[in-house]
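Examining the three-dimensional arrangement
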Amino acid sequence: MSFLRLCKSDKVRKFVALNENKFKGKNMKEITAYLHFKGEAREAMTFYKDCLGGELLFITVGETAMAAQMPAEIQGYIMHSVLKKDNLTIYGSDMVRPGGINIGNHMSLFINCSSEEEINSVYTNLVKDGKPGQPLTEAFWGSIYGDLNDKFGINWMFNYDKEEVINNNHK
Amino acid sequence: MAKVNPYLNFYGNTEEVFNFYKSVFGGEFSTLMRFKDVPTEMQSPGANLEDIMHIALPINRETVLMGSDWSDFMGKMNPGNNFAISVQTDSEEEAQRIFNKLSDGGNVGMPMAKTFWGAYFGMCHDKYGTSWMIDYSDARVEADAEKKELEKSSL
């Protein structure tokens, strides 16, 4: 949330007002996945919005208070972006640590879906131009499960718990 | 609607890593399943039976930190740097405490400090290679302030 203060503009205020209910009561410990891209954060986050829905906000380097200290060629890069839909939050950025980016496979985004239709649709959307891993199948733990590597190199895992008991376990 | 959570893989020490995260965030594991708990006909050849197949540590009502042990039958593990976990805390003290614990034995990318965007913020890698961003700002105060500014600007 505080990242939204990177840039004081009407677009940020409108985003906060629009998502006010989703931020309300969020003054509590929370973890969120933060993704780094090699200059393709805008394209990737737009793709995720198309796949998952929700509201998306971009803050470019040029829009922040740090703009004057940054080289001209990176002004258009994404300093911070947030995709927000109900309980789902993903952060994305083009900012990379010194030494460059290394797209790893040791972390994934785990999506707990709330219906069979939802898991089918998010899997089908995200696998476009990416590499399917485990196709959606009935897993021995009583869920529908599948995974994939999307076209930006991000790993996703999908789970839909058919049994309410297991669902409660994950809450 | 769907929830999204970070899922972490480690080489045979997931249990140790998650015990470390439990000591940082508190709480209890909601799931701890080993490869030996997998039905025999579903077992992957080459998996170490004592390894963690799935572990889950709830952080709050909505977010869960999850993980499992990597096995070589899954291919080669490549710990990348394109993924971090952002933690929003309840207070500045909690942010500092979590940061100190996570960076102990790891390395500090940016020490906890007030940033130009108003947050108390820092970045570190823990001793197991996971990247963290620790962030405290009073969301409710901010949301109210932003709303008032928005109302003012639309007058």
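Residues numbered from 1 in each chain as written. Chains lettered and ligands numbered in written order. Predicted model: local features only at pLDDT ≥ 70, side-chain atom pairs only at ≥ 80, totals over all residues.

All names here are of chain A. On domain assignment, one finds that chain A holds domain 1 (2–93) and domain 2 (108–169). Domain 1 puts seven residues into the contact, and the matching count from domain 2 is six residues. Listed by contribution, the elements that provide at least two residues to the side of domain 1 that touches domain 2 are β1 (30–36) and α3 (41–52). Per-element accounting of the side of domain 1 that touches domain 2 gives the leading share, three residues, to α3. (Domains from an automatic or database assignment. Contact = placed C-beta atoms within 7 Å. Helix = DSSP H or I, 4+ residues; strand = E, 2+ residues; numbered from the N terminus.)

Residue and element names in this part refer to chain B. The domain architecture assigned to chain B consists of domain 1 (1–73) and domain 2 (84–155). Contacts between domain 1 and domain 2 engage five residues on the former and six residues on the latter. Secondary structure elements with two or more residues in the side of domain 1 that touches domain 2: β1 (3–10) and α1 (14–25). Looking at the side of domain 1 that touches domain 2 element by element, the count peaks at three residues for β1. Classifying every residue of the side of domain 1 that touches domain 2 gives five nonpolar, no polar and no charged. (Nonpolar A, V, L, I, M, F, W, Y, C, P; charged D, E, K, R; others polar.)

Grouped together as the largest cluster of nonpolar side chains are 82 residues, with contacts concentrated most on Ala33, Ile111 and Val122 of chain A together with Trp132 and Ile134 of chain B. Residue contacts for Ala33 of chain A: discarding those within four places in its chain leaves Ile90, Tyr91 and Leu109 of chain A together with Val4, Pro6, Phe83 and Ile85 of chain B. (Core = buried A, V, L, I, M, F, W, Y, C linked by C-beta atoms within 7 Å. Buried ≥ 20, exposed ≤ 12 C-beta atoms within 10 Å, placed from the backbone.)

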